[in-house]
Structure formats: C-alpha cells, structure tokens
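Chain by chain, the residues run as shown.
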Amino acid sequence: MKVARFQVDGEIAFGVLDRAENGTGVELVELSGDPMVAGYDTTGRRFAFTDVQLLAPVIPRSKIVCVGKNYADHVAEMQGVTGIDGGAPVEPLLFLKPNTSIIGPGDTIVRPAISDRVEHEGELALVIGALAKNVPEEDALKYVFGFTCANDVTARDIQIADGQWARGKGFDTFCPLGPVIETDPDLSDARVVTRVNGEVRQDGSTSQLIHSLARIVSYASEAFTLLPGDVILTGTPAGVGLLEAGDVVEVEIEGIGILRNRVA
C-alpha cells in the first residue's frame, strides 16, 4: 500500500493510491487522519493524483536518525576524505538530522551560501510506526510503518571542516523525503538509483547494506526512544556527487517511487 500526504484546496490530508474509478490513471483515496494514529478509515472523497500537491509523507515529531557508511562501495569512495575515511563501521554509525531539514517532492533544495560543495546522497528511509525502545533485532521491523525515498543532502566541505556531521548535513532543505510511504515493499534486492539532470550518479541495491534494516532499528532503539513518525535513513551507495544551482536530482527506489527536487 502506498500512503501519501498531500495538499488540495488549501487542506492537508493523507490518502492511499488507488486505480481511478474510471479505470484510467491513479487517484488518492482520502483517509480520515494520519494512518499511523487513525488507521485506514476513509472519508469517501477521491482526488485525481494530478490534482493534488504531494508533501513530505511524514514530518517527524522528534528526529531523523541517519546511518553513515553503510554500503561498502561508498566506504571505499570516501577513503582519503578527511574526517570520513576509514573502514566500514563494526556497528551502525549513527548521526541525527533536525526535522527542520525535511522537504517534500517538488520542493527546492537550497544550497547555503557558506558552502561550495553540496552533494546528493540517495537513500532508502524507513518510518517508525510504534514507540520502540530496546527492541530485539528479530522483532525490530514490527515497529516500522513503511519505507520511502530520501536524499541525505550534505555540505561536504562543512562536514570535513567541522570534523563532525551535524551542521554539514543539517541545513534546512537537506532532507527531501517522498513521494509516498510504501508499507510493504520487497527490499531483498531493490535498486537505489540517483540521477542528476537525467544522468545516473548512484546505482546500488538494498542487498548491499552492511547493516540490515532490522539491525539498524534495534541498534538505534538502544540509544533513542523511537517515536511514531520518526525517520531512519539507512545509508547511501557509491557515486555521491556535486549539486549545482539549476540541477534536478531524482532518487528512485524500486517498488516505492521517484523523489524529485530542484536545486537553487
């Protein structure tokens, strides 16, 4: 099931994607509230997919947890980059992005004036659906509501200069999410592709994750109480690269959709 958060006629609502009643195109079936809280009761209203503005599918009430260096090929390409190099972490390498960094599909990534090196990092993100603390790995995915596409936009020069990652990855607009939350994708070997102006920059697969999704959720819950709506970014494959003003960057994950943003 694909869940969207959208705006229509000045109102914000949640809906699920469905084939149009006339058999042509896609519609959104409006839900009575946030499905993580109110379930899947519908209002009876349907909207053509082309008539709504998609928003970030979730705005976390508390935090975005991120995993660094979780693809071996990305670890390799970071060798020699001060403050980021070194081998693959034995345990998931966690950092946080503020929820103010979130934007939705179609929104603009804004390069900060103080950075000369803003880069894309296409990633699979998961959305927590239930309060989770110290959850065992074998049960961890029961606490996940669904999955979406993310772009862990990074001011690489600031990340390197600071020697830690919070500021370089935490600017406003540096966490595009969307276009929808897929509640039950097949992630055994789903492609994670990032394109800039149509050119493929990253092409990886969820099968290449060093630390599994269940391990990440369990490990994060040992440190942080995970709340419904919290988002976890699971790492990026090799091929991270520069974003310039005017670029259009797309993150596509097989079975979920395409997250598209312009850069300014």
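Here's a quick rundown of the structure.

Structural notes on the overall build of the chain
Reasoning step 1: Check the secondary structure of the chain and you find 5 helices and 20 strands.
Reasoning step 2: In terms of overall dimensions, the chain has C-alpha extents of about 55 × 45 × 30 Å along its principal axes.
Reasoning step 3: The burial tally for the chain puts 55% of its 264 residues in the buried class.
Reasoning step 4: Counting only contacts in the chain whose residues sit at least 6 apart along the sequence, the fraction spanning at least 24 positions is 72%.
Reasoning step 5: Summing over all exposed atoms, the chain offers an accessible surface of approximately 10800 Å²; the carbon and sulfur share of this is 49%.

Quick look at the sheet that holds strand E19 (residues 248-253)
Reasoning step 1: Sheet architecture is open: 5 strands sit in the order E9-E20-E19-E15-E16, paired in mixed fashion. With partners counted over all chains shown, the strands left at the sheet margins are strand E9 (108-109) and strand E16 (199-205), one partner each.
Reasoning step 2: When E19 meets strand E20 (residues 257-263), the two strands line up antiparallel, connected through 6 bridges. Bridge pairing in E20 links Ile253 to Gly257.

Notes on the sheet that holds strand E18 (residues 241-242)
Reasoning step 1: Reading across the sheet, the 3 strands line up as E13-E10-E18 and stay open at both edges, with antiparallel pairing between neighbours. Looking along the sheet, the strands with just one partner apiece sit at the ends: strand E13 (154-155) and E18.
Reasoning step 2: As paired elements, strand E10 (residues 118-120) and E13 share 2 bridges and run antiparallel to each other. Bridge pairing in E13 links Val118 to Ala155.

Regarding the side chain of Thr236
Reasoning step 1: Topologically, Thr236 is positioned in the loop between strand E17 (231-233) and E18.
Reasoning step 2: You can call Thr236 buried: its relative accessible area is 2%.
Reasoning step 3: A distance of 2.7 Å separates polar atoms of two side chains, one belonging to Thr236 and the other to Gln202.
Reasoning step 4: Those residues in contact with Thr236, other than ones at most four positions away along the chain, are Tyr71, His74, Glu121, Gly122, Glu123 and Gln202.

Describing the packing of aromatic side chains
Reasoning step 1: For the structure shown, the criterion picks out 3 aromatic pairs.
Reasoning step 2: On the numbers, 5.1 Å between centres and 70° between planes, the contact of Phe95 with Trp165 is edge-to-face. Residue Phe95 is located in strand E7 (residues 93-97), and its partner Trp165 is located in the loop between helix H3 (156-162) and helix H4 (166-170); the two are separated by 70 residues in the primary sequence. As far as burial versus exposure is concerned, Phe95 and Trp165 are alike and both buried.

The rules behind the values
Residues numbered from 1 in each chain as written. Predicted model: local features only at pLDDT ≥ 70, side-chain atom pairs only at ≥ 80, totals over all residues. Heavy atoms only, no water. Helix = DSSP H or I, 4+ residues; strand = E, 2+ residues; numbered from the N terminus. Buried < 20%, exposed > 50% of the residue type's maximum accessible area, 1.4 Å probe, protein only. Contact = heavy atoms within 4.5 Å. Areas by Shrake-Rupley, 256 points an atom, 1.4 Å probe, with all protein chains shown as cover. Pairing = 2+ DSSP bridges. Polar contact = N/O pair within 3.5 Å; in protein donor to acceptor, adjacent residues only side chain to side chain. Phe/Tyr/Trp six-rings, centres within 6.5 Å; stacked < 30°, edge-to-face > 60°.

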